There are 2 protein chains.
Amino acid sequence: MKITLIGSGNLATNIGVALKNAGHQIVQVYSRRLLNAVSLASRLEAKAVNQFSEINGDADVYILSLKDSVLQEVIAAVCKNKSDKIFLHTAGSVPMALFKGSAVRYGVLYPMQTFSKERVVDFRSLPCFIEACDNTVLEKIKTLALSISTKVYTLSSADRKYLHLAAVFACNFVNHCYEISSELLAAHSVPFDVLLPLIDETAHKVHELSPAHAQTGPAVRYDENVMEKHKMLLAASPLWQNIYELMSKSIHQTAIINNNKRI
Amino acid sequence: MKITLIGSGNLATNIGVALKNAGHQIVQVYSRRLLNAVSLASRLEAKAVNQFSEINGDADVYILSLKDSVLQEVIAAVCKNKSDKIFLHTAGSVPMALFKGSAVRYGVLYPMQTFSKERVVDFRSLPCFIEACDNTVLEKIKTLALSISTKVYTLSSADRKYLHLAAVFACNFVNHCYEISSELLAAHSVPFDVLLPLIDETAHKVHELSPAHAQTGPAVRYDENVMEKHKMLLAASPLWQNIYELMSKSIHQTAIINNNKRI
């Protein structure tokens with residue numbers, strides 16, 4: 001297929017590379033900042049543009065990967081006079097209905113992953129969640145999605161927003177826990193590297209055990225003595241102290257609920 | 001060496017298996033509950049006991065792996081009349097000084113990992129943090145630690161408690177984030193498995209990028225629109241809503257501090 005990318009951020013970069021590797025032709029890359037558009041377009045052998053009016057009608061599919069907050073106005077500008085084209089956004093938290101009134105053939109392709117420009121992610125095993133305005137468009141999007149990933153699921157906007165929320169916990173908040181650990185270690189001259197085996201095992205574990213079953217540590221044992229000492233160590237950072245308290249409380253409460261379920 | 005294990009929980013099980021595989025002889029396994037002692041002792045070809053008075057003097061090293069809150073009283077009971085033996089505890093959060101007055105030769109061997117009985121962990125690449133009452137005992141503990149792990153570090157009690165706190169964030173709180181995700185998905189009939197590629201990539205990423213650099217998502221972009229919607233989705237669970245709010249705030253604040261550092 002011929003594809004034009006609207007956006008040049010982490011997700012646009014990764015999906016662009018995956019699509020090109022799958023044999024699709026990237027026609028144009030749009031970014032508000034020309035430098036960013038040029039940088040990605042050159043990687044994808046596409047043409048860079050930084051004006052909506054320069055986005056031509058040569059592509060079959062237009063993929064919008066932008067900050068959620070600007071998506072609405074960009075859709076209105078980009079979809080104009082291209083009623084025979086397919087428009088997709090890639091946002092977990094944005095309903096498909098955002099296209100209504102602006103496009104005729106539209107849908108969503110949400111690849112659930114954490115993307116950084118510095119790391120090219122293997123799309124093959126990455127779950128992609130798709131949705132479309134009708135079955136004909138859904139088949140087109142499915143074909144496109146299956147060309148880059150082996151795990152393609154159809155999911156409604158209503159369910160996808162919970163999936164996106166779950167991803168924020170499993171990725172963004174997890175990474176922030178790593179970050180807090182890293183800062184605590186740095187303050188005591190311990191290199192972050194020593195945590196990597198623990199981080200890896202914690203991730204591997206939930207391939208075999210449920211997170212509820214995998215839980216260890218003072219909160220699930222409800223070792224108040226240790227938890228009190230930990231909170232004191234965090235005295236200089238009331239926000240982290242607060243996070244410690246709420247996470248421990250939630251671990252403990254969830255364990256009680258799970259135990260009751262088992263009984 | 002000849003080793004007796006005091007405790008039969010997740011850590012005792014894993015360190016016992018590692019020590020046996022490294023060629024050490026496990027003499028006895030003590031647990032308050034005889035059934036637990038028998039279960040682990042049979043795995044390690046050791047003798048099971050459930051009374052302190054039954055712990056004999058045949059071992060060179062006695063390793064205490066118990067809930068932090070009971071460690072003090074067990075130390076007093078176990079170390080009595082064995083002044084030529086070495087006593088170790090394996091707790092991250094407990095200072096070595098707990099042995100003072102009860103034992104003559106003592107130290108700490110803290111293997112930083114999340115242990116479950118169902119999963120035998122590879123000790124070879126697992127960081128072990130050691131400490132001892134004097135240099136002679138330190139050398140003995142180092143020899144023992146190096147027989148099961150290639151990554152042995154000497155660390156004081158004062159620094160180890162921060163390491164333990166960091167491990168709670170990087171493991172227990174991370175796992176709880178997985179658990180919250182899992183519950184959110186289950187409520188919308190999405191299997192937890194779809195999160196595994198995201199969980200794995202989030203862990204792999206910090207092998208190459210710092211957590212600060214690896215961060216993505218609405219909080220670091222400060223996308224208030226998405227964050228408000230997410231908080232509404234969590235309305236049924238005020239505790240998780242609160243965690244969402246504090247984690248997002250902390251991600252945002254840390255990003256500002258990091259940006260200022262760069263400038």
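Here, residues in each chain are numbered from 1, in the same order as that chain's written sequence. Here every chain gets a letter starting at A, and every ligand a number starting at 1, in the order they are written. In keeping with the model being predicted, local features are shown solely for residues with a pLDDT of at least 70 and side-chain atom pairs are shown and tallied solely at 80 or more, while totals for entire chains, interfaces and linings include all residues. Only hydrogens and water are set aside when side-chain values are computed; all heavy atoms of the structure are taken into account.

- As recorded in an unreviewed UniProt entry, chain A goes by the name NADP oxidoreductase coenzyme F420-dependent superfamily, listed as coming from Segatella oris C735.

**Some words on the relation of the copies chain B and chain A**
What connects the two chain copies is a rotation about an axis and a shift along it.
Next up, step 1: A least-squares fit on C-alpha atoms brings the copies together, and the residues used are those whose pLDDT is at least 70 in both copies. Superposition record for chain B on chain A: RMSD 0.0 Å, screw rotation 180°, translation along axis 0.0 Å. With respect to symmetry, the two chain copies, as superposed, fit the operation of a two-fold axis. Of every C-alpha in chain B, the one belonging to B:Val174 sits nearest the axis of rotation, 2.5 Å from it.
Next up, step 2: Note on contacts: a residue pair is in contact if any heavy atoms of the two residues lie within 4.5 Å. By residue overlap, the copies meet face to face through one surface: 100% of the interface positions of chain B are interface positions in chain A.

**Notes on the domain arrangement of chain A**
All names here are of chain A.
Next up, step 1: For the domains described, the bounds stem from an automatic or database domain assignment. Each assigned domain of chain A is listed here: domain 1 (2-155) and domain 2 (160-261).
Next up, step 2: Each of domain 1 and domain 2 was reduced to a C-alpha centroid, and the two centroids are 35 Å apart.
Next up, step 3: With 14 residues of domain 1 in contact, the opposing surface of domain 2 contributes 6 residues.
Next up, step 4: Taking both partners together, domain 1 and domain 2 bury about 760 Å²; carbon and sulfur atoms supply 65% of that area.
Next up, step 5: Two parts placed together each lose some accessible area under a 1.4 Å probe, and adding up what both lose gives the buried area. Per-residue buried area on domain 1 facing domain 2 is highest for Gly92, Tyr110 and Leu155; these three make up 48% of the total on that side.
Next up, step 6: A pairing counts as a salt bridge when a side-chain nitrogen of Lys or Arg comes within 4 Å of a carboxyl oxygen of Asp or Glu. In this assembly, domain 1 and domain 2 are joined by 1 salt bridge.

**Regarding the environment of A:Glu139**
Next up, step 1: The residue A:Glu139 is located in helix α4 (residues 135-148) in this model.
Next up, step 2: Placed 30 residues apart in sequence, A:Glu139 and A:Leu109 show a C-alpha to C-alpha distance of 12 Å. Going along the chain from the N terminus, every DSSP run of H or I of four or more residues is numbered as a helix, and every run of E of two or more is numbered as a strand.

**A short note on the packing of helix α1 (residues 10-21) of chain A against helix α2 (residues 34-44) of chain A**
Residues and elements named next belong to chain A.
Next up, step 1: Convention adopted: a line fitted to C-alpha atoms gives each axis, helices being fitted over their contacting stretch, and angles between N-to-C directions are expressed from 0 to 180 degrees. For the pair α1 and α2, interaxial distance at closest approach is 10 Å and the crossing angle is 20°. The angle between α1 and α2 falls in the class roughly parallel. Two packed elements cross with a definite hand, and for α1 against α2 that hand is right-handed. Contacts between α1 and α2 involve Ala12, Thr13, Gly16, Val17 and Lys20 from the first element and Leu40, Arg43 and Leu44 from the second.
Next up, step 2: Just so you know the grouping, Ala, Val, Leu, Ile, Met, Phe, Trp, Tyr, Cys and Pro go in nonpolar, Asp, Glu, Lys and Arg go in charged, and all remaining residues, Gly too, go in polar. For the contact of α1 with α2, a count of residues per class yields 4 nonpolar, 2 polar and 2 charged. In this scheme, roughly parallel covers angles under 35 degrees and roughly antiparallel covers those over 145, while 65 to 115 is roughly perpendicular and the rest are oblique. The crossing is said to be left-handed when, going from far helix to near helix, the turn is anticlockwise and less than a right angle, and right-handed when the turn is clockwise.

**Describing the side chain of A:Asp200**
Next up, step 1: The topology assignment puts A:Asp200 in helix α6 (residues 196-208).
Next up, step 2: Burial classification: accessible surface area is computed with a 1.4 Å probe over protein chains only, and a residue below 20% of its type maximum counts as buried, one above 50% as exposed, and the rest as partly exposed. Residues scored as charged are limited to Lys and Arg (positive) and Asp and Glu (negative), so that His and the chain ends carry no count. For the buried A:Asp200, no salt bridge is present, and the opposite-charge side chain at shortest range is B:Lys151, 8.3 Å distant.
Next up, step 3: Once residues lying within four places of it in the same chain are set aside, the contact partners of A:Asp200 are B:Ala203 and B:His207.

**Side note on the sheet that holds strand β6 (residues 105-111) of chain A**
Residue and element names in this part refer to chain A.
Next up, step 1: One open sheet accounts for 8 strands, arranged β3-β2-β1-β4-β5-β6-β7-β8; its pairing is mixed. On the outer flanks of this sheet lie β3 (47-49) and β8 (152-154), each paired with one strand and no other. On average, each strand axis in the sheet is tilted by 25° relative to the strand beside it, whichever way the strands run.
Next up, step 2: Two strands qualify as a pair provided that DSSP identifies no fewer than 2 bridges between them. In this sheet, β8 lies alongside strand β7 (residues 128-132) in parallel orientation, the contact comprising 3 bridges. From the neighbouring strand, Phe129 faces β8, where its bridge partner is Tyr153.
Next up, step 3: Across the sheet, α4 lies against β1 (2-6), β4 (61-64), β5 (86-89), β6, β7 and β8, angled at about 160° from β7, the strand it touches most.
Next up, step 4: Its contacts with the sheet place helix α5 (residues 157-186) against β5, β6 and β7, and it is angled at close to 25° to β6.

**Some thoughts on the state of the cysteines**
Next up, step 1: Counting rule for disulfides: a pair of cysteine sulfur atoms within 2.5 Å. Counting across every chain of the model gives 0 disulfides over all chains.
Next up, step 2: With no disulfide partner, A:Cys177 has as its closest neighbouring cysteine sulfur the one in B:Cys177, 4.5 Å distant.
Next up, step 3: Free cysteine B:Cys79: the closest other cysteine sulfur is in B:Cys133, separated by 11 Å.

**Let's talk about the packing of aromatic side chains**
Next up, step 1: Each Phe, Tyr or Trp ring (for Trp, its six-membered ring) is paired with any other whose centre lies within 6.5 Å, and the angle between the two planes then decides the class: stacked below 30 degrees, edge-to-face above 60, tilted in between. By the definition in use, this model includes 18 aromatic pairs over all chains.
Next up, step 2: Taking the centre distance of 5.5 Å and the plane angle of 25° together, the rings of B:Phe99 and B:Tyr106 count as stacked.
Next up, step 3: Accessibility expressed as a relative area gives 9% for B:Tyr106, which makes it buried.
Next up, step 4: When the centroid spacing of 5.8 Å and the interplanar angle of 15° are considered together, the rings of B:Phe115 and B:Phe123 count as stacked.
Next up, step 5: The exposure class of B:Phe115 is buried, given its relative accessible area of 4%.
Next up, step 6: Every member of this aromatic cluster is reached through a ring pair, and the members are A:Tyr110, A:Phe129 and A:Tyr153.

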